[in-house]
Amino acid sequence: MNFQNTLEYAQELDKQDPLRSYRKEFSFPKVNGKDVIYFTGNSLGLQPKKAKEYVDEVMSDWAELAVEGHFQAEKAWWDYHERFSTKLAPIVGAKPEEITVMNTLTVNLHLLMVSFYRPTSKRFKIIMEEKAFPSDQYMIASQVRFHGFDPKEAIVEVKKREGENHFRTEDILQTIKEVGEECALVLMGGVNYYNGQVLDMETITKVGKKTGAFVGWDLAHAAGNVELKLHDWGADFAAWCSYKYMNSGPGNASGCFIHEQYLNRKDIPRLEGWWGHNKKRRFLMEPEFQPEPTAHAWQISNAPILALAPYLASLELFEKVGMPALIEKRDKIVAYLEFILQEVAKEVGGDFEIITPKERGTQLSVFLHGQGKELFNYLMKNGVITDWREPNVIRLAPAPFYCSFEDMWRFGEILRNYF
């Protein structure tokens with residue numbers, strides 16, 4: 001598009017934006033009495049105003065019904081988690097029965113590894129990307145050690161090429177082929193947290209499974225951000241956190257995907273608890289575990305209702321808008337942000353290197369050559385909430401639900417005034 005770096009143009013884009021009304025559905029922090037320009041939806045999404053209403057509803061039910069809230073509340077607690085499956089299915093490209101919501105992301109990855117990392121003396125290696133989010137690194141290394149293997153031998157990291165800031169699909173595929181029959185699992189971040197790159201999940205899944213390995217995805221930065229087709233791609237499992245692009249609140253519950261081929265099977269190992277037991281017989285307190293025929297079989301404990309309430313409120317917004325509309329605005333607003341950065345760089349003679357490749361979602365990661373953390377601190381003091389990563393990268397993620405094109409223009413003005 002032929003973008004323009006003017007306030008009038010940005011405001012015109014907002015007038016044309018079919019999602020503009022959803023901005024008022026979220027609460028914005030304020031700096032100097034004004035709504036912030038919020039670029040950290042990739043870290044913690046803003047609070048949907050309806051979230052408080054849903055939490056208050058649970059609190060009222062607890063006060064008025066006490067234990068009977070499990071069955072008598074309008075949104076009964078005993079099956080509260082089941083409301084998420086149909087709402088999440090189109091977001092991650094799955095069938096409702098393939099989805100459950102429980103625990104938090106790394107906890108769920110550990111639990112899913114029980115089912116999908118079953119190493120043998122011959123097939124024991126895990127392929128992941130270098131410098132993955134630290135929690136993934138710790139989780140995978142601890143799983144390898146738990147099974148009696150040395151992480152230095154069992155973990156194979158795909159590296160970026162010298163002098164490049166992104167991963168090449170051909171390098172990932174080549175690594176899978178080279179590890180071959182020793183590969184037990186391919187487990188990577190679908191969207192890289194640092195550079196914002198969206199991996200070719202479909203192709204990687206296909207090649208990984210062709211070698212006989214399980215393939216799983218950490219979708220922390222992907223769910224609610226990019227198009228996903230987990231069922232059609234044939235991914236074995238996936239997990240994601242809900243508090244980034246899906247705005248469920250700090251540290252909130254994680255979603256899980258388990259492909260339907262593993263559902264209602266007794267030969268799949270997993271850690272089990274009573275909330276995964278056959279719902280119709282759950283309160284008979286039987287000694288033998290009978291799994292639910294869906295992904296809910298991976299549930300262990302009863303659901304944390306107060307935590308799930310804001311997630312449900314946010315997912316209702318997703319249900320109204322749909323991922324196609326969010327992705328359409330995402331592409332346009334990120335492109336406008338990139339244009340603004342380039343225009344400001346020209347004006348001030350700055351060197352802003354965008355290290356996010358064209359295979360991207362909402363995030364742009366920018367090297368601020370010649371700049372230190374003083375610039376980040378300046379932005380924060382002036383109402384631009386962004387994210388700093390050492391040594392000199394800022395991550396900018398204009399979430400399409402609540403960020404405006406005028407925000408992008410105002411950010412450019414604040415940035416230009418620093419120089």
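Note that the structure is a prediction, hence the values are computed from the model and not measured.

(A) The overall build of the chain, seen in detail. Counting its regular elements, the chain contains 14 helices and 17 strands. For the chain, whose C-alpha radius of gyration is 22 Å, the value lies close to the compact-globule estimate of 22 Å for 419 residues. In terms of overall dimensions, the chain has C-alpha extents of about 70 × 60 × 35 Å along its principal axes. Counted over contacts in the chain with a minimum sequence separation of 6, partners at least 24 positions apart contribute 71%. Each charge sign in the chain was given a centre, from 50 positive and 58 negative side chains, and these centres are 0 Å apart.

(B) View of the nonpolar core. Residues Tyr80, Leu88, Trp217, Trp240, Tyr336 and Phe411 are the most contacted members of the largest nonpolar core, which totals 107 residues. Considering every element that reaches this core, the biggest residue donor is helix α12 (residues 323-348), with 12 residues.

(C) Representation of the sheet that holds strand β7 (residues 125-129). The strand order β6-β12-β11-β10-β9-β7-β8 describes an open sheet built from 7 strands, whose pairing is mixed. Among the strands making up the open sheet, the edge pair consists of β6 (99-102) and β8 (155-158). Neighbour-to-neighbour, the strand axes of the sheet open up by a mean angle of 20°, direction not taken into account. Sheet topology note: the β7/strand β9 (residues 183-189) ladder contains 3 bridges and is parallel. Bridge assignment links Ile126 to a residue of β9, and that residue is Leu185. Relative to the sheet, helix α4 (residues 83-92) contacts β6 and β11 (237-241), its axis offset from that of β6 by approximately 115°. The sheet strands contacting helix α5 (residues 105-116) are β6, β7, β9, β10 (214-218), β11 and β12 (254-258), and the helix crosses β11 at an angle near 170°.

(D) How the structure looks around the UniProt feature "modified residue: N6-(pyridoxal phosphate)lysine" (unreviewed entry) in the chain. Residues given the UniProt feature "modified residue: N6-(pyridoxal phosphate)lysine" (unreviewed entry) here are Lys244. Structurally, Lys244 can be placed in the loop between β11 and β12. When sequence neighbours within four positions are dropped, the list of residues in contact with Lys244 reads Gly41, Asn42, Ser43, Leu44, Gly45, Ala220 and His221.

Rules behind the numbers
- Residues numbered from 1 in each chain as written.
- Predicted model: local features only at pLDDT ≥ 70, side-chain atom pairs only at ≥ 80, totals over all residues.
- Heavy atoms only, no water.
- Helix = DSSP H or I, 4+ residues; strand = E, 2+ residues; numbered from the N terminus.
- Rg over C-alpha atoms; globule rule 2.2 N^0.38 Å.
- Contact = heavy atoms within 4.5 Å.
- Lys, Arg positive; Asp, Glu negative; His and termini not counted.
- Charge placed at Lys NZ, Arg CZ, Asp CG, Glu CD.
- Core = buried A, V, L, I, M, F, W, Y, C linked by side-chain atoms within 4.5 Å.
- Buried < 20%, exposed > 50% of the residue type's maximum accessible area, 1.4 Å probe, protein only.
- Pairing = 2+ DSSP bridges.
- Axes fitted to C-alpha atoms, helices over the stretch in contact; angles between N-to-C directions.
- UniProt positions renumbered as here; feature names shortened; annotations may be inferred.

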